[in-house]
Amino acid sequence: MKALVYRGPGSKALEKCPDPALQDPGDAIVRVTRTTICGTDLHILKGDVPSCEPGRILGHEGVGIVESVGTAVTGFVPGDHVLISCITSCGHCDSCRRGMPSHCATGGWILGHLIDGTQAEYVRIPHADTSLYHIPDRVDEDALVMLSDILPTGFECGVLNGKVVPGASVAIVGAGPIGLAALLTARLYSPAAIIMIDIDEERLAMARRFGATATINSQGGTAVEQLMALTGGRGADTVIEAVGIAATFELCEELVAAGGTIANIGVHGTKADLHLERLWDHNIAITTGLVDTVSTPQLLKMVEAKQIDPTPLITHHFAMADILAAYDVFGRAADTKALKVIIGI
């Protein structure tokens with residue numbers, strides 16, 4: 001099969017690889033029909049995720065058709081149309097029982113990280129019964145790819161961890177796909193204000209189309225002053241970090257209101273300073289975490305009912321043969337205006 005293989009920091013290649021085979025009774029083999037590229041894949045390519053070793057097939061998002069299942073799989077049969085979760089869950093270890101499958105003893109974020117992933121014609125899915133979802137009829141496959149990772153990530157790590165409530169003020173730092181996913185799902189809780197902060201005017205314009213009540217271009221260094229003007233000098237009740245660099249996390253520390261929450265989504269490869277000399281008396285909470293995808297069934301229902309439409313997040317389509325071009329477009333988003341790219345296989 002063809003697959004996108006990580007060859008070490010800064011290096012990747014589209015290669016011919018052996019088809020995956022069932023290894024455990026709970027496995028399923030899925031023929032991938034659509035996948036995408038995540039910002040986390042770019043972090044891997046930068047060398048920010050040393051636990052991902054050269055030779056790994058990348059990718060942790062996608063939809064497809066079940067080709068074969070192990071003897072212990074009861075919920076899926078060959079021919080089923082499925083959504084692949086970015087988190088693999090055994091469903092019965094201590095972490096899974098506590099609602100934290102991101103820390104599953106034999107799963108978690110392993111696809112495209114510790115085992116071969118979805119940027120391939122076929123993928124092996126461990127714990128298939130609790131890591132795949134049946135796809136509803138008449139739902140756009142492109143939209144469903146957004147449910148593998150970015151929509152539950154924006155919702156769980158941003159909106160739920162950030163304790164967004166009706167009438168609150170929300171600031172989202174980073175208007176990329178994850179920040180926009182947080183914006184889409186934050187609207188479900190009727191906050192009084194959703195303020196998007198970025199340095200890219202095109203993405204800020206997109207945020208306004210998605211429902212942001214205000215946008216701030218932070219290029220000039222006045223983001224804090226602008227946000228304080230919008231919030232009566234209080235700051236934002238919820239501040240969501242959706243970039244993953246020190247400067248944006250430290251900006252969040254300046255934006256948060258007393259009693260507020262900073263919800264970190266970004267993947268950080270270098271240290272960021274926590275300014276307790278300023279925040280020790282501020283009664284704030286800081287949350288971190290990897291998505292658990294426990295909200296996926298709920299989000300599937302909302303997409304099926306057209307309460308959420310993630311398709312505007314998709315800006316480009318590519319064939320598998322052109323996946324290197326897709327990486328180039330996605331990696332130069334400031335120039336190409338890319339948000340999410342769909343790779344059809």
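The notes below deal with the structure included here. A quick note: this is a predicted structure, and the numbers were derived from the prediction, not measured. Along each chain, residue indices are assigned from 1 in the same order as the chain's sequence is written. With pLDDT at 70 or above as the cut-off, local features in this predicted model cover only qualifying residues; side-chain atom pairs require 80 or more to be listed or tallied, and sums for whole chains, interfaces and linings still use all residues. Side-chain metrics in this entry use all non-hydrogen atoms of the structure; hydrogen atoms and water are not considered.

The buried count for helix H9 (residues 246-255) comes to seven of 10 residues, which makes it a mostly enclosed element. Note on classification: 1.4 Å probe, protein chains only; a residue is buried when its accessible area is under 20% of the maximum for its type, exposed when over 50%, partly exposed between these limits. The numbering of helices and of strands both runs from the N terminus, where a helix is a DSSP run of H or I of at least 4 residues and a strand a run of E of at least 2. Taken together, the buried positions of H9 are Ala 246, Thr 248, Phe 249, Leu 251, Cys 252, Glu 253 and Leu 255.

Further remarks concern the nonpolar core. A general feature of soluble globular proteins is that nonpolar side chains tend to end up buried together. Grouped together as the largest cluster of nonpolar side chains are 68 residues, with contacts concentrated most on Leu 58, Leu 147, Leu 151, Ile 172, Leu 180, Leu 183 and Met 196. Any pair of residues with heavy atoms lying within 4.5 Å of one another is described as a contacting pair. What Leu 151 contacts, discounting residues up to four positions off in sequence, is Met 146, Ala 181, Leu 184, Thr 185, Leu 299, Val 303, Ile 308 and Pro 310. The next biggest cluster of nonpolar side chains, apart from the first, holds 19 residues, and it includes Val 173, Ile 195, Leu 227 and Leu 255. Put simply, a nonpolar core is a bunch of buried Ala, Val, Leu, Ile, Met, Phe, Trp, Tyr and Cys residues held in one set by side-chain atoms that sit within 4.5 Å of each other.

Our focus in this paragraph is the packing of helix H1 (residues 39-46) against helix H12 (residues 323-331). In contact at an axis separation of 11 Å, H1 and H12 are set at 95° when each is read in the N-to-C sense. Between H1 and H12, the crossing angle belongs to the class labelled roughly perpendicular. Contacts between H1 and H12 involve Gly 39, Asp 41, Leu 42 and Leu 45 on the former and, on the latter, Tyr 327, Phe 330 and Gly 331. Note on definitions: angles span 0 to 180 degrees between N-to-C directions of axes, and those axes are lines fitted to C-alpha atoms, for helices only across the stretch in contact. Angle categories are assigned with fixed cut-offs, so that under 35 degrees is roughly parallel, over 145 is roughly antiparallel, 65 to 115 is roughly perpendicular, and the rest are oblique.

Salt bridges are counted wherever a side-chain nitrogen of Lys or Arg sits within 4 Å of a carboxyl oxygen of Asp or Glu. According to the stated counting rule, one finds 12 salt bridges in the structure shown. With a closest N to O distance of 2.1 Å, Glu 141 and Arg 34 form a salt bridge. One end of the pair, Glu 141, is in helix H4 (residues 141-145); the other, Arg 34, is in strand S3 (residues 28-36), and 107 residues separate them in sequence. The exposure class assigned to Glu 141 is buried, which follows from its relative accessible area of 13%.

So, about the side chain of Thr 238. Note that Thr 238 resides in strand S11 (residues 236-241). Of note is the side chain of Thr 238, whose polar atom sits 2.7 Å from the backbone oxygen of Gly 162. Residues contacting Thr 238, with those up to four places away along its chain left out, are Gly 162, Lys 163, Val 164, Ser 169, Val 170, Ala 171 and Thr 261. Here a polar contact is taken to be a pair of N or O atoms separated by no more than 3.5 Å, where protein atoms must pair a possible hydrogen donor with a possible acceptor and residues adjacent in sequence count only if both atoms sit in side chains.

This paragraph deals with the sheet that holds strand S12 (residues 256-264). With parallel pairing, six strands are arranged side by side in an open sheet as S10-S9-S8-S11-S12-S13. Each edge of the sheet is formed by a strand with only one pairing partner; in this case those strands are strand S10 (214-217) and strand S13 (285-287). Neighbour to neighbour, the strand axes of the sheet diverge by 20° on average, direction disregarded. Two strands are said to pair when DSSP picks up at least two bridges between them. Sheet analysis places strand S8 (residues 169-173) next to S11, joined by four bridges and oriented parallel. The partner of Val 173 across the bridge, within S11, is Glu 241.

Centre distance within 6.5 Å is the pairing criterion for rings of Phe, Tyr and Trp, where only the six-membered ring of Trp is used; planes under 30 degrees apart are then read as stacked, over 60 as edge-to-face, and the remainder as tilted. Inspection of every chain in the model, using the stated rule, returns one aromatic pair. For the pair Phe 155 and Tyr 189, a centre-to-centre distance of 6.3 Å together with 35° between the ring planes defines the contact as tilted. Within this pair, whereas Phe 155 is found in helix H5 (residues 150-160), its partner Tyr 189 is found in the loop between helix H6 (177-186) and strand S9 (193-198), the two being separated by 34 residues in sequence.

Along the polypeptide, Ile 44 turns up in helix H1. For Ile 44 and Leu 274, which are 230 residues apart along the polypeptide, the C-alpha to C-alpha distance reads 25 Å. In contact with Ile 44, not counting residues within four places along its chain, are Tyr 6, Val 49, Cys 52, Leu 58, Trp 109 and Gly 112.

Of note, Lys 163 is a non-glycine position whose phi angle comes to about 55°, a positive value. Here Lys 163 is to be found in the loop between H5 and S8. Assessed through its relative accessible area of 51%, Lys 163 is described here as exposed. In this model, Lys 337 sits at a positive phi of 65°, which is unusual for a non-glycine residue. Note that Lys 337 resides in the loop between helix H13 (333-336) and strand S15 (340-344).

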